[in-house]
Amino acid sequence: MTTQTGQPGDTAWRSRWRQRMRPTAWPSWLRRTVSVLSPVVLALAGAWVALAVAGTTQAYAGPLAIDVAFKPTLSGESIIHLDPVGAVVLDTHHAPVTLDISVRQVDIEGLNGIVQDPYSLSTLDEQITSGIQDVLVDAAVRAALAAVIGAALAAGLVLRSVRRALLGAAVAAVAVVGTYGLAALSYDPESVGEPAYTGPLAAAPQLIGNAEDIATNFDAYADQLAGFVSNVAAVYDTTLSLDTFQPNDDTIRVLHVSDLHLNPAAWEVIGAVAEQYDVDVIVDTGDIVDQGTPVESAYVRPIGELGRPYVFVKGNHDSVATAAAVAAQPGAIVLNGDEVEVAGLRIAGAPDPRFTADKSTRGVPGDAIRIGTEEFAEEVAEFDPPPDVIAFHDPSHAELFDGIAPLVLSGHAHKRDTYTLDEGTRVMVQGSTGGAGLRGLRDEEPTAVNLSVLYFDPESRRLVAWDDLTLGGLGRTSAEIDRHRADEDEGSAQGDEDPSPAPDLEN
């Protein structure tokens, strides 16, 4: 026997409450309001859910795999997500919808093709623009269909009425057409020129400006390439008439290049000089690319087409992957703290201990390069026989090589220089064979293209003379040559002084 005090009263109260809450007990105005609003509310909720679940369109625009979605919001804008580096926000329209574009991945094979054929950059923007326009139309249609179907299902299933389902679909259709129409009417094309950036892309305005300068200047630079190459031939013919020094068939000829920095025009210049001067070996003292990314590795493929040994040491802009890509090319030799004999010369070299793209190296570049130079100098001092040439990217502490080898080849400074140390070692700093790379195209003053042909005596393996070649940069097709004899041009000893005026991690 159980006792439940108050149960009859509670039951009666609940019964009266349920009766009052039944729609039939509502006032007529309330029933009419709910009858009208319920399909609308359900339709909008169903459309929202449908857009979240099935409103994203995946497609390719050029080499970019992108996701495009139209999302209901209170404020209208366009957002381009470039994970993990941030996003670009554009105030493109005033309508309750946000256009959300995410770059999901990049087609590496497609980008490799662009790197191999840099002139295709001229059509890349057209491919991406056309591709995105097509994707936007498809995404808009997909989003509209998803919204209408979602609205119809929500209204029909909850209210259990085909008529209400059709009403929900009509509500969604009107909302979609109205939103698209308002977005089109309020579209501001000038907003593209005034983007807001989030994440690391906050520095993008400066970067974008530089990219625009590079794109504008690249076509002009490419057009001048034919002039560069033809002038190289004229320069060579000039050397044949010089009285100071004439190499013979036995003379060892070395082409010294450095700091190509991803400039595609550099390869044709290098190829023309190597062919015209009939060089025996090419020595590259680093910074062949700009950021050391795997995509950039395709840039080094022309090495295999030069038809002569290509000795390379890694610069601070080159990664381990870059060095591996160079080593994979026919005729390439990558020095990693060792020595190789090629074309009758013993050449020792080591990689720059830093990697610019690794931000953890910032703040200690001086210590890193000095320690790395000391360690390599100690190793090369033990080589037997000693090297004829040392290749090392950064000459900041070249005095540590003094007396170990008669010649040190380097780069990094983007400014040509040569000087003799106290114990007789000559340091030759090459300028930028890539004209400071694509970055050089953004400067108002053109950056000259520098490379040198070195002549060695085959018996002593000592440098006897060299030709410094200087090709005009953007807007110039000039070609100049300066021939020097080693016994006449001693240079000036610089000791511990760094010949590079620029910060270590900038070159």
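Residues numbered from 1 in each chain as written. Predicted model: local features only at pLDDT ≥ 70, side-chain atom pairs only at ≥ 80, totals over all residues. Heavy atoms only, no water.

Colleague: Looking at this model, I keep getting lost on the overall build of the protein chain. Mind explaining?
Modeller: Each helix and strand in the protein chain was counted, giving 9 helices and 19 strands. A separation of at least 24 residues holds for 66% of the contacts in the protein chain among residues at least 6 apart in sequence. (Helix = DSSP H or I, 4+ residues; strand = E, 2+ residues; numbered from the N terminus. Contact = heavy atoms within 4.5 Å.)

Colleague: What am I meant to see in the nonpolar core here?
Modeller: A general feature of soluble globular proteins is that nonpolar side chains tend to end up buried together. Ranked by size, the top nonpolar core spans 32 residues in total, and within it Leu255, Trp267, Ile282, Ile288 and Tyr310 carry the most contacts. Mapped by element, the contributors of at least two residues to this core are β7 (252-257), α7 (265-276), β9 (310-312), α8 (320-327), β17 (449-456) and β18 (463-471). Ranked by residues supplied to this core, first place goes to α7 with 6 residues. (Core = buried A, V, L, I, M, F, W, Y, C linked by side-chain atoms within 4.5 Å. Buried < 20%, exposed > 50% of the residue type's maximum accessible area, 1.4 Å probe, protein only.)

Colleague: Quick question: what am I supposed to make of the side chain of Asp468 here?
Modeller: Within the secondary structure layout, Asp468 lies in strand β18. Separated by 3.2 Å, the side chains of Asp468 and His484 make a polar contact. Excluding residues that lie within four positions of it along the chain, Asp468 makes contacts with Arg416, Leu451, Ser452, Glu480, Ile481, Asp482 and His484. (Polar contact = N/O pair within 3.5 Å; in protein donor to acceptor, adjacent residues only side chain to side chain.)

Colleague: Even after reading the chapter, I still don't get the environment of Gly337, so can you show me in this structure?
Modeller: Mapped onto the secondary structure, Gly337 falls in the loop between β10 (332-334) and β11 (338-342). When the C-alpha positions of Gly337 and Phe376 are compared, they lie 6.6 Å apart, and in sequence the two are 39 residues distant. For Gly337, the contacting residues outside a window of four places in its chain are Gly349, Ala350, Pro351, Phe376, Glu379 and Phe383.

Colleague: Would you mind showing me how to read the pattern of salt bridges here?
Modeller: Opposite charge on two side chains allows them to pair when their charged atoms are near. Counting across every chain of the model gives 11 salt bridges. Two residues, Arg461 and Asp388, come together in a salt bridge whose shortest N-O distance is 3.1 Å. Taken together, the positions of Arg461 in the loop between β17 and β18 and Asp388 in the loop between α9 (365-380) and β13 (389-391) put the pair 73 residues apart, joining distant regions of the chain. On the basis of relative accessibility, which here comes to 6%, the residue Asp388 falls in the buried class. In this structure, the salt-bridge partner of Arg485 is Asp487, at a minimum N-O distance of 3.4 Å. Look at the salt bridges and you will find they share partners, linking Arg346, Asp388 and Arg461 into a network. (Salt bridge = Lys/Arg side-chain N within 4 Å of Asp/Glu carboxyl O.)

Colleague: Would you explain the confidence of the model for the protein chain in this entry?
Modeller: Caution applies to low-pLDDT parts of the model: their predicted coordinates are not meant to be read in detail. Here the protein chain averages 77 in pLDDT, and 66% of its residues register 70 or above. Ignoring residues within four places in sequence, the model shows residues 203-212, a span with pLDDT below 50, making 4 contacts including any to other chains. Across residues 492-505 the pLDDT falls below 50, and counting only partners more than four positions away or on other chains, this stretch makes 38 contacts in the model. (pLDDT = per-residue confidence, 0-100.)

Colleague: What exactly am I supposed to notice about the packing of aromatic side chains here?
Modeller: Within a pair of aromatic rings, the relevant descriptors are the distance that separates the centres and the angle that separates the planes. If you walk through the whole model with that rule in mind, you get 6 aromatic pairs. Ring centres of Trp267 and Tyr299 lie 5.4 Å apart, and the angle between their planes is 45°; on these two criteria the pair is classed as tilted. Here Trp267, found in helix α7, pairs with Tyr299, found in the loop between β8 (281-284) and β9; they are 32 residues apart in sequence, far enough to count as distant. The exposure class of Trp267 is buried, given its relative accessible area of 8%. With a relative accessible area of 3%, Tyr299 lands in the buried category. Taking the centre distance of 5.8 Å and the plane angle of 75° together, the rings of Phe376 and Phe401 count as edge-to-face. Of this pair, Phe376 sits in helix α9 while Phe401 is found in the loop between β13 and β14 (407-410), placing the two residues 25 residues apart along the sequence. (Phe/Tyr/Trp six-rings, centres within 6.5 Å; stacked < 30°, edge-to-face > 60°.)

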